[in-house]
Amino acid sequence: MGKKLLWASVLAAGGLLAVSNTMVNVALRRKTAPQAPKLSAAEREEAWLSGAKYITHRNREDMRLRAWFIPQDSRRYAVICHGYGGNSKQMLARAKHFYDMGFNVLLPDARAHGGSDGRMIGMGWPERRDIVEWVYELLRRDEDAQIVLFGISMGAATVMMTAGEVLPKQVKLVIEDCGYTSAWEQFKAVMPPLYHTPPYPVLPVASVLARLRTGYSFRRASALAQMRQCRIPVLFIHGEKDELVPSSMALRLYGAARCEKQLLIVPEAGHAEAADKAPELYWDTIRTFIEKYIGR
């Protein structure tokens, strides 16, 4: 009886490890080789994209990071971060709004996305350091830059995590749209519907495996904790009917922030749909928030 129990325990542990490892691979491992998201001929003919350049930055890990940079004659700069599984080009529609507000625009491909290097997706945590480095790359070009950080979904979590770091004074504010509180809580929310797996006991084991392979645990990747350290203004935006990243996360993030802040919850909007459901409200709120803290 003792041996049977032992073998049952070994098999159960092995099964748990296998399921957890599969989850880490599915959720975090890069799916495709690095490939630059190219502008079409029609996009190249648009006046605001005529000067767009796909630039490269080597980070401290000797990882080649890539980004579209769209310049104009302005001291304003917007760093715009895409969501999980996306790339820089997918943010062009939002970038155009910032460009029209007088911003130079930097659209990074996050590590393990688009044309940037990387084998594992960091859910915003290692990416926060990459964004800090992109900020200093902008300051190398223009030491008087006035910088806004903007992100959607994982990109929103990234800019919130970045905001908790020590940043140069040229970073003026953060705008996040439907970001999550932490990688732990986000995986906990989506594991049953997306991975058909209960959070426990898989999630704790997956977090340990992630730490061994990426250097961070899911609990450590916390926008909530970083918001408590943030000292620059933050605009929080979320769709009321977001089923992927629950809107309750926005309320908790807003409550945790110890800085100047504003919250916009858009009725009837699902995940990353706030700009589509209420475009005038969305962009008017962003424009007013920016003008409060950034001069021409």
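Rules used throughout
Residues numbered from 1 in each chain as written. Predicted model: local features only at pLDDT ≥ 70, side-chain atom pairs only at ≥ 80, totals over all residues. Heavy atoms only, no water. Axes fitted to C-alpha atoms, helices over the stretch in contact; angles between N-to-C directions. Helix = DSSP H or I, 4+ residues; strand = E, 2+ residues; numbered from the N terminus. Parallel < 35°, antiparallel > 145°, perpendicular 65-115°, else oblique. Left-handed = near helix turned anticlockwise from the far one by under 90°. Contact = heavy atoms within 4.5 Å. Nonpolar A, V, L, I, M, F, W, Y, C, P; charged D, E, K, R; others polar. Phe/Tyr/Trp six-rings, centres within 6.5 Å; stacked < 30°, edge-to-face > 60°. Buried < 20%, exposed > 50% of the residue type's maximum accessible area, 1.4 Å probe, protein only. pLDDT = per-residue confidence, 0-100. Pairing = 2+ DSSP bridges.

Q: Break down the packing of helix α4 (residues 125–141) against helix α5 (residues 154–163) for me, citing the residues and quoting the values.
A: Helix-helix packing is described using two parameters, namely the angle between the two axes and the distance between the axes. Here α4 crosses α5 at 65°, and the two axes come no closer than 8 Å. As the angle between them shows, α4 and α5 are arranged roughly perpendicular. The element α4 and its partner α5 pack so that their crossing is right-handed. For the pair α4 and α5, contact is made by W125, E127, R128, I131 and V132 and by M154, T158, M161 and T162, respectively. Its residues assigned to classes, the contact of α4 with α5 comprises 5 nonpolar, 2 polar and 2 charged.

Q: Tell me about the packing of aromatic side chains, residues and numbers included.
A: For the structure shown, the criterion picks out 10 aromatic pairs. Taken together, a centroid distance of 5.8 Å and an interplanar angle of 75° make the contact between F98 and F103 edge-to-face. For the pair F98 and F103, a shared accessibility class is recorded, and that class is buried. Of the aromatic side chains, those joined through ring pairs into one cluster are F98, F103, F150, Y282 and W283.

Q: Can you break down the confidence of the model for the protein chain residue by residue, with the values?
A: For the protein chain, mean pLDDT is 92; residues scoring 70 or higher make up 95% of the total. Low pLDDT, under 50, characterises residues 4–13; the predicted model gives this stretch 0 contacts beyond four residues in sequence or across chains.

Q: Outline the pairing of strand β7 (residues 234–239), listing residues and values.
A: For β7, the buried fraction is high: 6 of the 6 residues fall into the buried class. Side chains of β7 alternate between two faces, with V234, F236 and H238 and L235, I237 and G239 buried alike. Bridging between strand β6 (residues 171–177) and β7 involves 4 bridges; their strand directions are parallel. In the strand pairing of β7, V174 is matched with V234.

Q: Could you give an account of unusual backbone geometry, naming the residues involved and the relevant values?
A: The omega torsion across Y200 and P201 is 10°, close enough to zero to call that bond cis. Relative to the elements of secondary structure, P201 occurs in helix α7 (residues 199–214). Positive phi outside glycine occurs at A112, with the angle close to 65°. A positive phi is found at E268, a non-glycine position, where the angle reads about 70°.

Q: Tell me what's going on with the sheet that holds strand β8 (residues 261–266), and back it up with residues and numbers.
A: Pairing in this open sheet of 8 strands is mixed, and the strands run β1-β2-β4-β3-β5-β6-β7-β8 from one edge to the other. Every other strand in the sheet has two partners, leaving β1 (53–58) and β8 as the edge strands with one partner each. Here the average twist between neighbouring strands, direction ignored, is 20°. Where β1 and strand β2 (residues 64–70) come together, 6 bridges link them in antiparallel fashion. Bridging across to β2, K53 finds its partner in F69. Packed on one face of the sheet, α5 meets β3 (76–81), β5 (146–152), β6 and β7 and runs near 140° to β5.

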